[in-house]
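Listed here are the chains, written in short residue letters.
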Amino acid sequence: MNNFAYEQAENIGKAVEFSSNNSASKYIAGGTNLIDLLKYNIATAEMLVDINHIPEHKAIEEKSDGSLRLGAFVTNADTAYHPQIEARYPLLSKAILAGASAQIRNMATNGGNLLQRTRCYFFYDPATPCNKREPGTGCSAIGGYNRIMAILGTSENCIAVFPSDMCVALAALEAVVNISGTEGDRSLEFADFHRLPGDTPHLDNNLKEGEIITSIDLPEKGFDKNYSYLKLRDRSSYAFALVSVATGLELENNLIKEVRIALGGLAHKPWRVKEAEDFLKDKEPSMENFASAAEMILRGAIGFEHNSFKIELAKRAIVRNCMMALNPESQQPGAQPSL
Amino acid sequence: MIDQPQIGQPISRLEGRAKVTGTAKYAGEYNVDGLLYGYVVNSTITKGKITQIDTSAAKEIEGVIEVFTHENRPSLAWFDMQYSDMDAPPGSPFRPLQNAEIKYNGQPIALVVAETFELARYAASILKVSYEEESFATDLYQNQDKGRDPKVGMATFLKPLPPKPKGDFEKEYAASVAQVSAEYVHGTEHHNPMELFATTTIYEGDGKVTIYDKTQGTVNCQLYVGNIFGLHFKNVRVISPYVGGAFGSGLRPQYQLFMSVMAALELKRAVRVTLDRHQMYTFGHRPPTVQQLNFGADENGVVNAIKHTAIAETSQHEDYTEVVVNWSNILYPAKNTKLEYQLVPLDVYSPLDMRAPGGSTASHAIESTMDALAFKLSIDPVQFRLINYADMDVAENRPFSSKELKQCYIQGAERFGWSKRNPELRSMRRGNKLIGYGMATGFWESMTIPARAEAVLTKEGKLRVSSAVTDIGTGTLTVMTQIAADELGLPLEDVQFNYGDSKMPFAPIQGGSFTVSTVGSAIKSAGKALRKKILKKAREMDNSPFKNADDNDISFERGGISLNSNPAVMVFFKEIIAASGNKEIKTTNMSVPNVFKLKKYTRAAHSAAFVEVEIDEELGTIQVTRAVTAVAAGNIINPKTARSQILGGMVWGISKALYEETISDHRFGKYMNQNLAEYHIPVHADIHELDVIFVEEKDEIVNELGSKGVGEIGLVAMAPAIANAIFHATGKRINHLPIHFDELI
Amino acid sequence: METITNHPKSARNVLQPRVLSLRVNGAPKILEVSPWVSLLDGLREYLDLTGTKKGCDHGQCGACTVICDGKRILSCLTLAVMKNGSEITTIEGISNGAELHPLQKAFIEHDAFQCGYCTPGQICSAIGMIEENKAHTRTEVKDSMSGNLCRCGANTNIIDAIMEVKEAKNHE
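These figures come from a predicted structure and were not determined experimentally.

A. The overall build of chain C, seen in detail. Per the secondary structure count, chain C includes 6 helices and 6 strands. Order of helices (α) and strands (β) in chain C, N terminus to C terminus: β-α-β-β-α-β-β-β-α-α-α-α. Computed over the C-alpha atoms, the radius of gyration of chain C is 17 Å, within 12% of the 16 Å expected from 2.2 N^0.38 for a compact globule of 172 residues. Reported as C-alpha extents along the three principal axes, the dimensions of chain C are approximately 55 × 30 × 25 Å. Residues counted as buried form 62% of the 172 residues belonging to chain C. Intrachain contacts of chain C at a sequence separation of at least 6 include 58% that bridge at least 24 residues.

B. How the structure looks around the sheet that holds strand S2 (residues 25-28) of chain A. Residue and element names in this part refer to chain A. Taken together, the 3 strands give an open sheet; going across it, the order is S1-S3-S2, and neighbouring strands pair in parallel fashion. Each edge of the open sheet is held by one strand with a lone partner, namely strand S1 (5-8) and S2. If you compare each strand with its neighbour and ignore which way they point, the axes differ by 25 degrees on average. As paired strands, S2 and strand S3 (residues 47-50) are joined by 4 bridges and run parallel to one another. The partner of Lys26 across the bridge, within S3, is Leu48.

C. Structural view of the packing of helix H3 (residues 102-109) of chain C against helix H4 (residues 119-132) of chain C. Residue and element names in this part refer to chain C. The interhelical angle for the contact between H3 and H4, taken along N-to-C directions, is 130 degrees, at an axis separation of 10 Å. Viewed along their axes, H3 and H4 adopt a mutual orientation that is oblique. Taken as a pair, H3 and H4 cross one another with a handedness that is right-handed. Residues Leu103, Gln104 and Phe107 of H3 form the contact with H4, whose own contacting residues are Thr119, Ile123, Ala126 and Ile127. The class makeup of the residues in the contact of H3 with H4 is 5 nonpolar, 2 polar and no charged.

D. Structural detail: the interface of chain A and chain C. With 24 residues of chain A in contact, the opposing surface of chain C contributes 29 residues. Of all the secondary structure elements, the ones that give two or more residues to the side of chain A that touches chain C are S1, helix H2 (34-39), S3 and helix H6 (102-107) of chain A. Top element by residues in the side of chain A that touches chain C is H6(A). It accounts for 5 residues. Its residues assigned to classes, the side of chain A that touches chain C shows 12 nonpolar, 9 polar and 3 charged.

E. Spotlight on the domain arrangement of chain C. All names here are of chain C. If you check the domain split of chain C, you get domain 1 (16-93) and domain 2 (102-170). On a C-alpha basis, the centroid separation for the pair domain 1 and domain 2 is 22 Å. Opposite the 15 residues of domain 1 that make contact, domain 2 presents 13 residues. Among the elements of the structure, strand S4 (65-68) and strand S5 (71-74) are those that each provide at least two residues to the side of domain 1 that touches domain 2.

F. Quick peek at the sheet that holds strand S12 (residues 271-272) of chain A. Residues and elements named next belong to chain A. Taken in spatial order, the 4 strands line up as S9-S10-S11-S12 in an open sheet, and their pairing is antiparallel. Each end of this open sheet is capped by a strand with a single partner; those strands are strand S9 (226-232) and S12. In this sheet, strand S10 (residues 243-252) lies alongside S9 in antiparallel orientation, the contact comprising 7 bridges. Counterpart to Asn226 in the pairing with S10 is Leu249. Those strands touched by helix H5 (residues 90-97) are S9 and S10, and its axis lies near 15 degrees from that of S9.

G. The pairing of strand S20 (residues 463-466) of chain B, seen in detail. Residues and elements named next belong to chain B. Relative to S20, strand S19 (residues 451-457) is paired through 4 bridges, and the arrangement is antiparallel. Following the sheet pairing, Glu454 is matched in S20 by Ser466. Counting the residues in the hairpin turn of S19 and S20 gives 5 residues, including Gly461, whose phi is positive at 80 degrees. Where S20 lies against strand S21 (residues 495-498), 4 bridges are found, and the strand directions are parallel. In the strand pairing of S21, Ser466 is matched with Asn498. For the handedness criterion, the β-α-β arrangement of S20, helix H11 (residues 476-488) and S21 is classed as right-handed.

H. Inspection of the interface of chain C and chain B at higher detail. Each partner contributes to the interface: chain C provides 53 residues, whereas chain B provides 55 residues. Those elements that provide at least two residues to the side of chain C that touches chain B are helix H2 (39-46), H3, H4, helix H5 (138-144) and helix H6 (155-170) of chain C. Across the side of chain C that touches chain B, the residue classes break down as 23 nonpolar, 19 polar and 11 charged.

I. Here's a closer look at the packing of helix H11 (residues 287-297) of chain A against helix H12 (residues 309-326) of chain A. All names here are of chain A. Relative to each other, H11 and H12 sit at 140 degrees, their axes nearing to 8 Å. If you check the angle between H11 and H12, you find them oblique. As for the relative orientation of H11 and H12, their crossing is right-handed in sense. Of the residues in H12, those in contact with Met287, Phe290, Ala291, Ala293, Ala294, Glu295 and Ile297 of H11 are Lys315, Ile318, Val319, Cys322 and Met323. Residue composition of the contact of H11 with H12, grouped by class: 10 nonpolar, no polar and 2 charged.

About the cut-offs
Residues numbered from 1 in each chain as written. Chains lettered and ligands numbered in written order. Predicted model: local features only at pLDDT ≥ 70, side-chain atom pairs only at ≥ 80, totals over all residues. Helix = DSSP H or I, 4+ residues; strand = E, 2+ residues; numbered from the N terminus. Rg over C-alpha atoms; globule rule 2.2 N^0.38 Å. Buried ≥ 20, exposed ≤ 12 C-beta atoms within 10 Å, placed from the backbone. Contact = placed C-beta atoms within 7 Å. Pairing = 2+ DSSP bridges. Axes fitted to C-alpha atoms, helices over the stretch in contact; angles between N-to-C directions. Parallel < 35°, antiparallel > 145°, perpendicular 65-115°, else oblique. Left-handed = near helix turned anticlockwise from the far one by under 90°. Nonpolar A, V, L, I, M, F, W, Y, C, P; charged D, E, K, R; others polar. Domains from an automatic or database assignment. Right-handed = clockwise from strand over helix to strand, strands pointing away.

Put into structure tokens, the structure is as follows:
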């Protein structure tokens, strides 16, 4: 890790100004991923702009249209345990609590959660080729040990996975990401925030140079009656997902009125297939129907040498999680399977 | 106050307060004035030569003191032997910064020394290193055909090679009613103690150094440093009172010790070198091993034919070995055996003993094979082991010094509720979860080696005992204090045990579950000599009531000596000291095991592990919901710390079965998950109900304490018991470790 | 008050040291460090509070857990400069003078450690967890404590110790 200048920004404008004056600067909020990467010399910065002291964007507030605004600088823990989140968006709460550890959730912010980098072994090892870390060098995960890698939306350049749990729920909830930058403010639909690797795997998302996430809006519909988050991983807690599923169900007369199914651990971004959700509409919430939807969601999945199991596992996880959503009381700590 | 004897009492760790208040200081925590920080640079290639190391940019940074490489290191010892240590296998020990040659990926190639940790770390990151790469091989599985017999050396004394074939295996196996032939594979594992390897060397002037090192052997490191740097042993003092876990990784001096001492001597300043977690994967590991077993049994379930072959990895420079295949025939008395053990030298660092080395490798294969055979014969797995119970060691043709394994089976099965097991596969359920019961046998050799101890009766009439031994978290301080207390019949508070310092009487490295046996015996023998001396002094007192008393006529109790015939007649230690010139009474004794007596017996601790697993039928997820381990390990000195040792071993077994593995990428010849996020050890959420039984076992042979050691035995049986439980639950037998849950769907 | 620094004068310009003021274990501390010093290294190397442990330095083990402004955090994943003005409690500040904290006593009684290296982090994490009051059952406590690894395998004893203190607190 190299040394760097350190500045505290007292407002968003000042932060953006610091950033635009130094192209080698980085914002730091929770720091839980950035400091990790700086120590490994995978990220470098000449200046860190500390945005923790900005008084705005530190609250969770209800808006007049019934949506809820999550300040970007609110910690993951404060978000998960916020009474409004627990009551209206329990899916988000459960997903957050399935991620990392209690200590990290006390530090990591909502904005930062969207920006975490992949856990690909090769991305983390500067001695091996990696297109995400060093564009043009190649992808070592293809042909290497790729148990934890992607099966959906991959490219010949990158098969890395986006590791967030929180974002899987945000994708299901169709959140909106609010952004500030030198060119003013803008918003992005959650589905448009993260990118697939394509031939630009070094770009994780569509945030532009110097832009900063200020808040995340949750639309009114929170699926608080029927929801479930399921996370399958190599140990019961404090591990990244091999497959995770967020399900929100709205039922009417025992038929599915609306459903959202988002997957984590399988792609370069949270994965949703609209066609499968449409298929389930007005159908009974049965294992058979969920299984058909799962087939649609995994259509086009490509397994690699060590991760083909994810295809079948994801299908089963979808079915299970949708069944768990019918009985959300069955949720287990750490989003472990129940029923 | 707890009554005598102290041995057998569940005493809480005596260093507990220091550990829960943060005052216990570990090797990298001695912050002395003017301390310099060293950071190691490691090779990024696997094999070849360094053609250039450009250190100029690093050296230009203010606050960077020096960069050491093979080009500017001081001149060092010349012969391989001088780099050897108490745990060195046959071969040429690795020499840090010896020359430009790269032998393995992650090899240390430079040390940057700077005034702060951050500066050293940064400067280490900007060295420019050029290499000439050569082709290499790191994949054991693909190179099994290169297996060869191991070289023989000093290490073979504690790690015997396999016995010769007996009977006619081929014929008997072919004639067997039931046969099992299976291959077992486990990959590389790393010790990963929580504490990072660190050494703080204080330069004392005149070629003298005081070293705080993370090690399992203070004397081992003292000799190593003295030999390499040409220092008088008296001028090298190695201190390690607190060791943040080691599990074998500290049995040999590691390269941060070399680096720290070298820099301190060259710069004549205090230097600390702490490895980072990534670097914790650049020295020593449990070697990957491939085993092939063929067991055959007759219609009564008697195992008549045993073939056990193991092919293990070693480095190109040393022949590291483990005792693997020998165990098959020690446990099960077949008359026709073929046991083979081979090594494949690869371009890796030398493997290193890791908790239950060899034993846990062997048990996985042997006990899974036994389970498969029992299933084929439709015999209950416990019953099957009783049918094949070895009342003597037929491999060596000698009796066991003691063996209460049968009681382990009986008491373990009872506590676990084994009788509720339905022998049918996939027959037991809880909701949509499959339930499996599995069991396995564990074993670990009980060794004793020579050690010294000093015992002193202080002027205050208290006992002070010293040994250079470390306490790696096993409870050595507490247990040795208990043993010492009983020697003079003192309460614990009147006994001080000094340890973890090479200045103290010689102790070997702490490992192999032989510390209680070895150092405990030394303390007992020093205690015995001290009693003799005290009695002599007491006899010399004016009007001594003990004038005609010998050892059998008196007792050491209540801080003094009393007459057995009239316990009211008593002289306090303080009075004896006062009468003998107010001087301490001191003895130093060497305890040497009676090898001639011991070798007439096979000496081993045994265990039986019973495990329940719960498996999600659709998703494959596995939980070890409960486990019972019954242990026969002789006399248990401290049931509290011993239980913790067994529990720790059981957690290691769960980890070995389900979680931990070092992932290699053989294209690059390197490990890929060199961190604790992707090298999975169990978290609290993975560990459920664990229960320990100590079966009563008297052993008058193994050592004077009758104690066998409990550091490894808790681990040995767990992994196969879990694999067997998974088979019972799912009908799937998975013979490689760790078992990933997705293999069950 | 004395300012604690170990900066070599020669490297001052490279290092851009900052003067911070923190409360550590109830006492005010003035600390002069460069931005690249983690809170963990600030505590261990500059304030000589070595009770807080470095097990991985990357947020993967929990050994460095401290309580910062009332919450358990990982001191390895934050910079000392970012905590200017904060109130930090480390393992050295948990007991009330010579009187051990109930968790410290319970850890000794339950033999909830072997090598002791993860112990400060386990105890600080448990204090933070009890304060959060979100984990109630044993299963929940195990999940909530899963950010603290123990390689000696003292897991069951650690959770026993914590449950005992938690339950005693509930009965107060």
